[in-house]
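This is what each chain is made of:
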Amino acid sequence: MRKKYICGNWKMNKTPDEALVFAKEINEKNLDDVDILIAAPFVDLDILKKNLNKNIKVAAQNVSEYSDGAYTGEISTTMLKSMGINDVIIGHSERRDIYFEKDYIVNNKVKHATEEGFDVILCVGESLSTRENNEHFEFVKNQILEGLDDVEELEQVTIAYEPIWAIGTGNTCSAEDAEKMCEHIRDILRKTYGDIADKIRILYGGSVKPNNAAEILSKDDIDGVLVGGASLNANDFIKIINYKENL
Ligand code: PGA
């Protein structure tokens, strides 16, 4: 049985002071028995790590594929590990689209981070035009196969399906369509890698809010959610964590 995984992605939001306020708000609440992660900007990682309850994981939103050297503006796995960070999001569509991270770069990052012992959330998802052309299943399949090419530590990988047209737009993919894609992803994983497919968690992301989380999370093949906007507000994020109250 895969435990549900509720992940927040703050993107480029919150100063360390604001992160501390959030940590205090969330620490005070009773949270359901799910795995919880917050992916925060680099400057917030230390304060979150020191102040959030220990059962909440703190993740980076990106990491370099290189170990060290002349890579201005980059952060290495060693640096993250020195802060006690062992989780990272890789290949978010904003990294792919705005910073031109191609599949091979995403793959290099996943390989490097997993070899360094990190748990990785690999993001995939199609654009609106790809979906309208009915090419979304094939597109996501290629992203998965390329992103995971030669990755050996598959038990350290979580997949997040985030259709680009649903991110930050308020247009959630229907729970049925999200489930169809997550089933498709599990199928690809099973055909390519065998039984480990049943252990890899597959998340949905894109306009997840307190009022739709329960429906999405009640689907068998959706093992969790990756939440952007609604993770910035502690009360909203807590409602998503405690989604069972809305079932
Ligand atoms: P959103 O973002 O919840 O604001 O749509 C999701 C994401 O990009 O991870």
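Starting afresh in each chain, residues are numbered from 1 along the sequence in its written order. This being a predicted model, a pLDDT of at least 70 is required before a residue's local features are given, and a value of 80 or more before pairs of side-chain atoms are given or counted; all residues contribute to the totals for chains, interfaces and linings. To obtain the side-chain values, all non-hydrogen atoms of the structure were used and water was disregarded.

## Concerning the nonpolar core
The criterion, for reference: Joining through side-chain atoms within 4.5 Å is the link that ties buried Ala, Val, Leu, Ile, Met, Phe, Trp, Tyr and Cys residues into a set, and such a set is a nonpolar core. Think of it in three bands: with a 1.4 Å probe and only protein chains considered, a residue is buried below 20% of the maximum accessible area for its type, exposed above 50%, and partly exposed in between.
In terms of nonpolar packing, the biggest core is built from 65 residues, with I159 and I185 touching the most fellow members. Of all hydrophobic cores here, the second largest spans 11 residues; its members include Y5, C7, A59 and L203.

## Some details on the site of the ligand
Worth spelling out the cut-off: Throughout this document, a residue counts as near a molecule or strand when at least one of its heavy atoms sits within 4 Å of that molecule or strand. Throughout this description, a polar contact denotes any pair of N or O atoms lying within 3.5 Å of each other; where both atoms belong to protein, one of them has to be capable of donating a hydrogen while the other can accept it, and for residues adjacent in sequence the pair is counted only when both atoms sit in side chains. To measure how exposed things are, a 1.4 Å probe is used in the Shrake-Rupley method; for residues, cover is taken only from the protein chains shown. Residue polarity follows a fixed list, in which Ala, Val, Leu, Ile, Met, Phe, Trp, Tyr, Cys and Pro are nonpolar, Asp, Glu, Lys and Arg are charged, and the others, Gly among them, are polar.
The environment of the ligand is made up of 13 residues, and the closest members are K11, H92, E162, G168 and S207. Residue K11 places a side-chain N or O atom 2.7 Å away from an oxygen atom belonging to the ligand. Interatomic distance of 2.8 Å between a backbone N/O atom of G229 and an oxygen atom of the ligand. Within the complex, the protein chains bury 97% of what would otherwise be the 280 Å² of accessible surface of the ligand. Here the shell around the ligand is built from residues that sort into 4 nonpolar, 7 polar and 2 charged.

## What to know about the layout of surface pockets
Spelled out, the test is: In the cavity and pocket records, a cavity denotes points on a 1 Å grid over the protein atoms alone where a 1.4 Å probe fits but cannot get out, a pocket denotes an open set with protein on both sides within 12 Å along at least 5 of 7 lines, and lining residues are residues with an atom within 4 Å of a point. Grid points are joined across faces, edges and corners, and a volume is the space filled by probe spheres set on the points. Elements are defined by DSSP. Helices are runs of H or I of four residues or more, strands are runs of E of two residues or more, and each kind is numbered from the N terminus.
Of the voids in this model, the largest pocket is the one considered here, and its volume is about 510 Å³. In terms of lining, the largest pocket is formed by 19 residues, of which the most central are K11, M12, Q61, R95 and Y99. It is helix α4 (residues 93-98) that contributes the most residues to the lining of the largest pocket, 3 residues altogether.

## Some thoughts on the sheet that holds strand β6 (residues 157-161)
Rules: Any two strands with at least two DSSP-identified bridges between them are counted as paired. Only C-alpha atoms enter the line fits that serve as axes; for helices the fit covers just the stretch in contact. Angles between N-to-C directions range over 0 to 180 degrees. Contact definition: two residues touch when any of their heavy atoms are within 4.5 Å.
The strand order around the closed barrel built from 8 strands is β1-β2-β3-β4-β5-β6-β7-β8, with neighbouring strands paired in parallel fashion. This sheet shows a mean twist of 25° between the axes of neighbouring strands, independent of strand direction. Of the pairings in the sheet, the one linking strand β7 (residues 202-205) to strand β8 (residues 224-227) comprises 3 bridges and is parallel in character. From the neighbouring strand, G205 faces β8, where its bridge partner is L226. Along the sheet, helix α2 (residues 42-51) makes contact with β2 (35-39) and β3 (56-60), crossing β3 at roughly 160°. Together, β5 (119-124), β6 and β7 form the strand contacts of helix α8 (residues 175-193), whose direction differs from that of β7 by roughly 150°.

Distances and angles like these do not, on their own, reveal function.
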